[in-house]
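Close look at the chain arrangement
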Amino acid sequence: MAKNKPDLTTLKAETRLVVAAREYAEHGMVNPAVYHASTVLYPTVKSLRDESQAYSYGREGTPTSRAFETAIATLEGGHDAAVSPSGAAAISTTLLAFLKTGDHLLMVDTTYHRTRKFCDGLLKGLGIETTYYDPLAGSDIAAHIRPNTRVVFCESPGSQTMEVQDIPAIADAAHKKGCLVFIDNTWSAGFYFNAFAHGCDVSIQAATKYIVGHSDTMLGVTTCSKEAWPQFKEAYLLMGQFAGPDDMYLALRGLRTLDVRLERHHRNAMKLAEWLRGRSEVETVLYPALSNDPGHRIWKRDFTGACGLFSVVLKPTSRESVAAMLNGLNLFGMGFSWGGFESLVVPFKPHRTATSWTAMGPALRFHIGLENPDDLIDDLKQGFERLKKTS
Ligand SMILES: *Cc1c(COP(=O)(O)O)cnc(C)c1O
């Protein structure tokens, strides 16, 4: 790296992915060291007392954690970021940092299922009320905001059903009423949707997915605006959050190739989505990058790309036929999580309370990996043959 630190604000997103946080590497290395650290030594009593040392204790940050967090804050366009041991931990820590007993939370109806469970379980037990809102609410969100509403939580596109939210409209209405706006930004990997430029105060990601990108590490990260950061960071430290150094290193390593991986995921997913859309067994493909998707207009306005995750609603068929289709697939694995190099498929039934899911046929969520899309199509073609034979 050049001796002078480049001014990141003048650089394009792809370049920022490559150069961000490189100042944490030492001795001419390109990458930072993986610091396995709890104890940090102080040379003098004075240095202990005046707390002037950059690093004080393992949990409070190492060059490895600061490199990853700084790179994420740069990617997301936020003020600063802090790592958690999973995406779920990042979400719960962030909500607990801003909500207290008596507060009200507005949660998008299409939220990740664990986030819903956290709100209906632990937050409810603490006397924090959650109500769910229609992901397509836009500025109508104002009607749901109460005097004690502290946070409006978004996730766009929505988990499983892929509704694209009008984040600028929601953020504008929420800010007018003094609420903070959080987003689960995992689908865009923080690269295809700039949460802060669209009005969010906090962006949370399951780095487990595309940032890590290789299905081998659990990690979460929360990025905040300058105003939201102090309250978040204080609670984060009080809750004792941190993560393992090897995991943080793998996430930083993944980040460097995020652009090229996402570009291929997007291209492959488009090819598969278009092919699926043309199949007689398919009712609809839910993928905002498709020109006829209901969320396409806002996606095109606010996003710069699409990842490899989309859903499909099949025409009504039996559970056995769906099982016959999926059981025999060779290239599509069945499993949760996504964002790795490999293709996946899982059947799902959305849990909705503010809206209703009216599709008649079974729904499948696909993650399109980095395989050649023609091989993936062949695998699915044979799957549809099995589906037809058993229906
Ligand atoms: C996977 C996921 C999470 C949870 O992340 P973990 O790292 O698995 O805890 C949260 N939000 C979304 C949208 C996810 O897909």
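Cut-offs applied
Residues numbered from 1 in each chain as written. Predicted model: local features only at pLDDT ≥ 70, side-chain atom pairs only at ≥ 80, totals over all residues. Heavy atoms only, no water. Phe/Tyr/Trp six-rings, centres within 6.5 Å; stacked < 30°, edge-to-face > 60°. Helix = DSSP H or I, 4+ residues; strand = E, 2+ residues; numbered from the N terminus. Buried < 20%, exposed > 50% of the residue type's maximum accessible area, 1.4 Å probe, protein only. Lys NZ or Arg CZ within 6 Å of the ring centre and 35° of its normal. 1 Å grid on protein atoms, 1.4 Å probe; cavity = no way out; pocket = protein on both sides within 12 Å on 5 of 7 lines; lining within 4 Å. Points joined across faces, edges and corners; volume = space filled by probe spheres on them. Nonpolar A, V, L, I, M, F, W, Y, C, P; charged D, E, K, R; others polar. Domains from an automatic or database assignment. Contact = heavy atoms within 4.5 Å. Buried area = accessible area lost by both parts, 1.4 Å probe. Salt bridge = Lys/Arg side-chain N within 4 Å of Asp/Glu carboxyl O. Polar contact = N/O pair within 3.5 Å; in protein donor to acceptor, adjacent residues only side chain to side chain. Pairing = 2+ DSSP bridges. Near = heavy atom within 4 Å. Areas by Shrake-Rupley, 256 points an atom, 1.4 Å probe, with all protein chains shown as cover. Sits in = over half its atoms within 2 Å of the grid points. Core = buried A, V, L, I, M, F, W, Y, C linked by side-chain atoms within 4.5 Å. Axes fitted to C-alpha atoms, helices over the stretch in contact; angles between N-to-C directions.

A few words on the packing of aromatic side chains. Working definition: an aromatic ring pair is given by the centre-to-centre distance plus the angle between the planes. The final tally for this structure, using the stated rule, is 13 aromatic pairs. Ring plane angle 35° and centroid distance 5.8 Å describe the contact between F310 and F366, whose orientation is recorded as tilted. A residue pair is termed long-range when its members are at least 10 positions apart, and F310 in strand β9 (residues 309-314) and F366 in strand β11 (residues 363-367) qualify at 56 residues. Judged by its relative accessible area of 0%, F310 falls in the buried class. Owing to a relative accessible area of 1%, F366 belongs among the buried residues under this scheme. A network of ring pairs unites the aromatic residues Y287, F310, F332 and F366 as a single cluster. A cation sits over an aromatic face here: R116 above Y132, 4.1 Å from the ring centre.

Take the layout of surface pockets next. There is about 790 Å³ of room inside the largest pocket. Around the largest pocket, the lining is made up of 34 residues, and of these Y112, H113, S159, Q160 and R365 lie nearest the centre. For the lining of the largest pocket, the leading source of residues is helix α5 (residues 113-125), giving four residues. Classifying every residue of the lining of the largest pocket by side-chain character gives 14 nonpolar, twelve polar and eight charged. Counting residues domain by domain, the lining of the largest pocket receives three or more from each of domain 1 (8-256) and domain 2 (259-390).

Further remarks concern the domain arrangement of the protein chain. As far as domains go, the protein chain holds domain 1 (8-256) and domain 2 (259-390). The centre of domain 1, based on its C-alpha atoms, is set 28 Å off from the matching centre of domain 2. Each partner contributes residues to the interface: domain 1 has 37 residues there, and domain 2 has 37 residues. For the pairing of domain 1 and domain 2, the buried interface totals around 3200 Å² over both sides, and the portion due to carbon and sulfur atoms is 60%. When the buried surface of domain 1 facing domain 2 is broken down by residue, W187, Y192 and Y210 rank first, second and third, together holding 28% of it. Taken together, the links from domain 1 to domain 2 amount to one salt bridge. We note a salt bridge from R301 to D166, for which the minimum N-O separation is 2.7 Å. The tally of links from domain 1 across to domain 2 stands at 19 residue pairs in polar contact (both at pLDDT 80 or more).

On to the pairing of strand β6 (residues 202-206). Within β6, five of the five residues are buried, leaving the element largely enclosed by the surrounding structure. Because side chains alternate across β6, one face comprises the buried residues V202, I204 and A206, and the other comprises S203 and Q205, equally buried. For strand β5 (residues 180-184) and β6, the ladder comprises three bridges, and the chain directions are parallel. Pairing of F182 across the sheet is with V202, part of β6.

In the region of the ligand, 13 residues are neighbours, and G87, A88, D184, T208 and K209 sit closest. Take T208: an N or O atom from its side chain is 2.6 Å from an oxygen atom of the ligand. Between an oxygen atom of the ligand and a side-chain N or O atom of K209, the distance comes to 2.5 Å. Relative to its unbound accessible surface of 380 Å², the ligand loses 92% to contact with the protein. A majority-of-atoms criterion places the ligand in the largest pocket. Tallying contributions element by element places helix α4 (residues 87-98) first for the shell around the ligand, with three residues. Residues that form the shell around the ligand fall into these classes: six nonpolar, four polar and three charged.

With 113 residues, the main nonpolar core has L95 and F310 as its most contacted residues. Taken domain by domain, the makeup of this core includes at least three residues from each of domain 1 (8-256) and domain 2 (259-390). Among all residues touching L95, those that are not within four sequence positions of it are L105, M107, F118, C119, L123, F153 and F182.

Reading across the sheet, the seven strands line up as β1-β7-β6-β5-β4-β2-β3 and stay open at both edges, with mixed pairing between neighbours. What marks the edges here is a single partner per strand, and that holds for β1 (80-84) and β3 (129-133). Neighbouring strand axes in the sheet, compared pairwise and without regard to direction, differ in orientation by 20° on average. As paired strands, strand β2 (residues 104-108) and strand β4 (residues 149-155) are joined by four bridges and run parallel to one another. Counterpart to L106 in the pairing with β4 is V152. Together, β1, β6 and β7 (220-224) form the strand contacts of helix α3 (residues 63-76), whose direction differs from that of β1 by roughly 125°. Contacts from helix α7 (residues 229-238) reach β1, β4 and β7 within the one sheet, and its direction differs from that of β1 by about 25°.

Here F193 shows up in the loop between β5 and β6. Given the relative accessible area of 1%, F193 is considered buried. Placed 31 residues apart in sequence, F193 and M162 show a C-alpha to C-alpha distance of 15 Å. Beyond its immediate stretch of four places on either side in the chain, F193 contacts I167, I183, N185, S188, H198, D302 and F303.

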